[in-house]
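Breakdown of the fold
As a plain string of letters, each chain reads:
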Amino acid sequence: QVQLRESGGGLVQAGGSLRLSCAASGRTFISYAMAWFRQAPGKEREFVAAINWNGGTTAYADSVKGRFTISRDNAENTAHLQMISLKPEDTAVYSCAADRSPNRGQSPYEYEYWGQGTQVTVSA
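Report follows, based on the coordinates.

Rules of the game
Residues numbered from 1 in each chain as written. Predicted model: local features only at pLDDT ≥ 70, side-chain atom pairs only at ≥ 80, totals over all residues. Heavy atoms only, no water. Helix = DSSP H or I, 4+ residues; strand = E, 2+ residues; numbered from the N terminus. Contact = heavy atoms within 4.5 Å. Salt bridge = Lys/Arg side-chain N within 4 Å of Asp/Glu carboxyl O. Buried < 20%, exposed > 50% of the residue type's maximum accessible area, 1.4 Å probe, protein only. Disulfide = S-S within 2.5 Å. Pairing = 2+ DSSP bridges.

**Examining the side chain of Thr-78**
Take Thr-78: it is sitting in strand S8 (residues 78-83). Ignoring anything within four residues of it in the chain, the contact list for Thr-78 reads Cys-22, Ala-23, Phe-29, Arg-72 and Asp-73.

Have a look at this one:
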């Protein structure tokens, strides 16, 4: 069993930056694919970014390409989402997800483990 805990969310002005972290515990997640998803009020959960087990492959939603960067530190059992040039439309609860498969895609149904989420609010 893997437990995921996000941190780093908060309130930021448009154009600002935040760095989200996802700490994994319970098992070593070196072989797990990781991803970030977000859900805004009244909207469905949407894919943000994904990274494979060794960080060699990443994927991003078109809406965040060039602004967000996903990374991972397997020695520390953590994953990160660096967000710059934030926009009000980035406001959402951001959740990290993991799966035992080393490579996963953009569907939330591909991920077995989920964190509780952290709120990101971007003011205009």
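**Describing the pattern of salt bridges**
Counted under the stated rule, the structure contains 6 salt bridges. As a salt-bridge pair, Asp-90 and Arg-38 come within 2.9 Å of each other at their nearest N and O atoms. Taken as a pair, Asp-90 in the loop between S8 and strand S9 (92-99) and Arg-38 in strand S4 (residues 33-39) lie far apart in primary sequence, 52 residues in all. Here Asp-90 falls in the buried class, since its relative accessible area comes to 1%. Taken together, the shared-partner salt bridges connect Arg-38, Glu-46, Arg-67 and Asp-90 into one network.

**Regarding the state of the cysteines**
Evaluation of the coordinates by the stated rule reveals 1 disulfide. Each sulfur in the disulfide pair Cys-22 and Cys-96 lies 2.0 Å from the other. Across the disulfide from Cys-22 to Cys-96, rotation about the S-S bond amounts to roughly 55°, and the bridge is consequently right-handed. In this pair, Cys-22 sits in strand S3 (residues 18-25) while Cys-96 sits in strand S9, placing the two residues 74 residues apart along the sequence. The pair Cys-22 / Cys-96 is uniform in exposure class, with both members buried.

**What to know about the environment of Ile-70**
Positionally, Ile-70 belongs in strand S7 (residues 68-73). Residue classification places Ile-70 among the buried positions, given a relative accessible area of 5%. Between the C-alpha atom of Ile-70 and that of Gln-13, which follows or precedes it by 57 residues, the distance is 21 Å. Contacts of Ile-70, omitting those with residues within four sequence positions, involve Met-34, Ala-35, Trp-36, Ala-49, Ala-50, Ile-51, Thr-58, Tyr-60, His-80 and Leu-81.

**Side note on the environment of Ala-97**
Here Ala-97 shows up in strand S9. The residues contacting Ala-97, other than those within four sequence positions of it, are Leu-4, Ala-33, Met-34, Ala-35, Phe-37, Tyr-111, Tyr-113 and Trp-114.

**With respect to the pairing of S3**
Regular strands show a simple pattern: their side chains alternate between the two faces of the sheet. Pairing analysis gives 5 bridges linking strand S1 (residues 3-7) to S3, with the strands arranged antiparallel. Along S3, the bridge assignment pairs Ser-7 with Ser-21. Across 6 bridges, S3 lies against S8 in antiparallel orientation. Residue Cys-22 lies in a different strand from S8, and its bridge partner there is Ala-79.

Coordinates in, geometry out; function isn't part of it.
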